[in-house]
Every structure is written in C-alpha cells, then in structure tokens.
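# Structural overview for review
The residues making up each chain are set out below.
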Amino acid sequence: MALRSFKLRLHVLGSKLHKWLAIFVGVQVLLWMITGALMSFLDIEEVRSEHVVSRAPEVLPADAVMPQWLDSSEGVVSLATRAVGGRAVTEVRRDDGSVTLRDPDSGMLLSPLPAASARAIARRAWTGPSTTIATTRLIEDAVGTEFRGPFPAWQITYGDEDNTRVYIDASSGSVLAARSDTWRLFDFIWGLHIMDWTQRDRINSWWLLLFGIGGTIIAVSGFVLLANRFPRIRRRAKHVPNAP
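By the naming in an unreviewed UniProt entry, the protein goes by PepSY-associated TM helix and is assigned to Qipengyuania nanhaisediminis.

Here the focus is the overall build of the protein. Check the secondary structure of the protein and you find five helices and seven strands. Taken from N to C terminus, the helices and strands of the protein fall in the order α-α-β-β-β-α-β-β-β-β-α-α. Per-residue burial for the protein yields a buried fraction of 26% across its 244 residues. Residue pairs at least 24 apart in sequence account for 38% of intrachain contacts in the protein once pairs closer than 6 positions are excluded.

Counting across every chain of the model gives three aromatic pairs. Among the aromatic residues, ring-to-ring pairing joins Phe147, Phe151 and Tyr167 into one connected group. Of note, arginine 179 hangs over the ring of tryptophan 183, and the distance from its end group to the ring centre comes to 4.2 Å.

Glancing now at the sheet that holds strand E1 (residues 76–84). An order of E1-E2-E3 is seen for the three strands of this open sheet, with the pairing classed as antiparallel. Either end of the sheet is taken by a strand with one partner, and the two such strands are E1 and strand E3 (99–102). Looking at each pair of strands side by side, their axes are set apart by 25° on average, direction ignored. With eight bridges connecting them, E1 and strand E2 (residues 87–94) associate as antiparallel partners. Within E2, the position partnered with valine 84 by the bridge is arginine 87.

This paragraph deals with the UniProt feature "transmembrane region" (unreviewed entry) in the protein. In the numbering used here, UniProt assigns the "transmembrane region" (unreviewed entry) feature to residues 20–42 and 206–227. Counted over residues 20–42, helix gives 96% and strand 0%. Its end C-alpha atoms are 33 Å apart.

The next point concerns the nonpolar core. Counting residues in each nonpolar core, the largest one holds 14 residues, and the members touching the most others are Val84, Leu101, Ala122, Trp154, Ile156, Val166 and Ile168. When residues of this core are traced back to their parent elements, those giving at least two are helix H3 (115–125), strand E5 (153–158) and strand E6 (165–169). Ignoring any residue separated from it by four or fewer positions in sequence, one finds isoleucine 168 in contact with Ala118, Ile121, Ala122, Ala153, Trp154, Ile156, Gly173, Ser174, Val175 and Leu176. By size, the runner-up hydrophobic cluster in this structure holds six residues, among which are Ile139, Val143, Phe147 and Ala153.

What follows covers the side chain of glutamate 91. Positionally, glutamate 91 belongs in strand E2. Residue glutamate 91 is classed as buried on the basis of its relative accessible area, which comes to 6%. Side-chain polar atoms of glutamate 91 contact the side chain of arginine 82, separated by 3.0 Å. In this structure, glutamate 91 is in contact with Ser78, Leu79, Ala80, Arg82, Val99, Thr100, Leu101 and Ser172, ignoring residues within four places of it in sequence.

Two elements, E6 and strand E7 (residues 175–179), share four bridges in a ladder whose sense is antiparallel. Bridging across to E7, isoleucine 168 finds its partner in valine 175.

This part is about the sheet that holds E5. With antiparallel pairing, the four strands of this open sheet are ordered in space as E4-E5-E6-E7. Sheet topology places strand E4 (133–139) and E7 at the edges, where each strand pairs with a single neighbour. Averaged over all pairs of adjacent strands, the angle between their axes in this sheet comes to 20°, without regard to strand direction. Relative to E5, E4 runs antiparallel, the two sharing six bridges. What sits directly across from isoleucine 139, in E5, is alanine 153. Running over the sheet, H3 touches E4, E5, E6 and E7 and is turned about 50° from E5.

What follows concerns unusual backbone geometry. In this structure, the amide linkage connecting glycine 149 to the following residue, proline 150, adopts the cis form with an omega of 10°. If you trace the backbone, proline 150 turns up in the loop between E4 and E5. The phi torsion at serine 49 lies on the positive side, around 60°, for a residue other than glycine. Tracing the sequence through the fold places serine 49 in the loop between helix H2 (44–47) and E1. With a relative accessible area of 29%, serine 49 lands in the partly exposed category. Even without being a glycine, asparagine 163 presents a positive backbone phi close to 50°. Along the chain, asparagine 163 falls in the loop between E5 and E6. Here asparagine 163 falls in the partly exposed class, since its relative accessible area comes to 38%.

Definitions and cut-offs
- Residues numbered from 1 in each chain as written.
- Predicted model: local features only at pLDDT ≥ 70, side-chain atom pairs only at ≥ 80, totals over all residues.
- Heavy atoms only, no water.
- Helix = DSSP H or I, 4+ residues; strand = E, 2+ residues; numbered from the N terminus.
- Buried < 20%, exposed > 50% of the residue type's maximum accessible area, 1.4 Å probe, protein only.
- Contact = heavy atoms within 4.5 Å.
- Phe/Tyr/Trp six-rings, centres within 6.5 Å; stacked < 30°, edge-to-face > 60°.
- Lys NZ or Arg CZ within 6 Å of the ring centre and 35° of its normal.
- Pairing = 2+ DSSP bridges.
- Axes fitted to C-alpha atoms, helices over the stretch in contact; angles between N-to-C directions.
- UniProt positions renumbered as here; feature names shortened; annotations may be inferred.
- Core = buried A, V, L, I, M, F, W, Y, C linked by side-chain atoms within 4.5 Å.
- Polar contact = N/O pair within 3.5 Å; in protein donor to acceptor, adjacent residues only side chain to side chain.

Quick look at the structure:
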C-alpha cells in the first residue's frame with residue numbers, strides 16, 4: 001500500500017511538473033512562432049530602410065586634391081593609403097564600385113593582384129597553428145553558398161584540419177571571407193533552420209511563413225486545450241476519496 005501511495009504521489013508530482021514546464025516553455029515557443037512568422041512576412045529591404053535611404057558613397061568634389069598620376073578623377077569616392085601584403089599602396093575607389101591599387105609614388109597599376117601577392121596576404125591573415133597553403137585558385141563565379149563575390153577573387157586553401165579557405169579580392173587585396181568545415185556545417189544547419197535549402201539567406205520565404213503561422217496555431221490551440229483541462233482536474237480532485 002505504501003509503495004502504491006508513493007507511486008501515486010510521484011505520478012501526481014510528475015504531472016504537475018510536466019504541466020507547469022509545458023506552460024513555461026510553451027510561452028517562449030509561442031513567441032518564437034509568432035515572431036518568426038512576422039519576420040518572414042516583413043521585407044528585409046524595407047526593414048533596413050533601403051527603399052528610402054541610399055548608402056551610396058559621395059563622389060569627391062572636382063577641386064579635391066588628387067595625385068598627379070591619377071588619369072581620371074571622375075567618379076572617385078575615396079583615395080586611401082593602406083598596406084597590402086606588407087607593401088604601401090594607394091587604393092582608388094569609384095562610385096561604380098570598382099577598386100584599383102596603385103603605387104603611391106609612380107601611380108603604377110598593381111591590381112589585379114598576382115597569385116604570389118594573394119598568398120602573402122593569406123599568410124599574414126592566418127593566426128592559427130602553423131600550417132601551409134595547399135591550393136591557390138582564381139575564381140570568377142560563385143562557389144555554392146560559400147562565396148558569392150565580388151569577383152575576381154583568389155581562393156586560398158590552407159592545409160589545416162578544418163579545410164579553411166579565405167577569399168581575397170583580386171582588385172583590393174581585402175580578405176572578403178573565411179570558410180571552414182565548421183562554417184559549412186553551420187551553413188547547412190542554418191539552411192534547415194530557415195527552410196532555405198539552396199540560397200541559405202532568405203528569411204521571408206513562403207515556406208517559413210506558412211510553417212510559422214502553422215506553429216503559432218498549434219501552440220495557441222495547445223494552450224486552449226491545457227486551459228480547458230484545469231476545471232476537469234479540479235472537479236476530479238474533489239471526488240477522489242481520501243486514502244484510509
């Protein structure tokens with residue numbers, strides 16, 4: 001009898017714990033579903049105000065001081081001296097998005113960068129355990145979801161265990177992206193999470209919106225069903241005879 005009474009109390013305790021945990025966790029699940037559906041419905045360009053605010057850089061005025069070796073000042077938005085592969089260069093950016101590297105003294109065109117310069121940049125960028133450079137490849141097309149430009153870019157693969165790659169802009173020498181097996185696993189999981197199995201960057205697809213709405217309905221109906229059980233549980237408890 002004592003064992004049966006203990007099992008009954010344990011069952012009641014477990015039921016109450018399950019019920020209140022379901023309510024506690026269910027509130028957050030409901031918020032996930034509602035907010036997920038809302039975010040899928042909103043246009044990301046409108047969220048970022050890209051339809052009303054331009055982020056295009058301003059062109060330098062005609063009276064701005066320019067190097068004598070610059071063949072044309074039309075559309076120039078910035079002139080900057082920076083280091084690329086341990087060498088000082090002048091970076092010229094224009095309003096069409098193009099970037100060129102020049103020698104600061106002679107104005108000699110240095111871009112697109114050769115493979116040797118790209119490897120030097122990759123070696124300077126590496127901060128992990130000692131490794132080698134396995135491959136160097138110039139790419140001009142997207143590499144799956146791993147890299148989508150700008151092009152042309154150098155793909156440098158290190159010889160580490162995580163198969164790390166860096167993508168270096170052939171025009172500017174900037175490290176554009178770093179990818180590894182850990183990133184590729186995360187990218188795959190992210191695609192499953194947002195239900196975008198190809199592009200992995202669309203958070204407002206109809207699939208995600210429909211499942212978000214469906215999940216919200218399921219969560220709300222679960223709360224309704226749980227609320228309807230409370231009166232029955234109380235009535236049932238009143239009719240249970242006291243143990244002798």
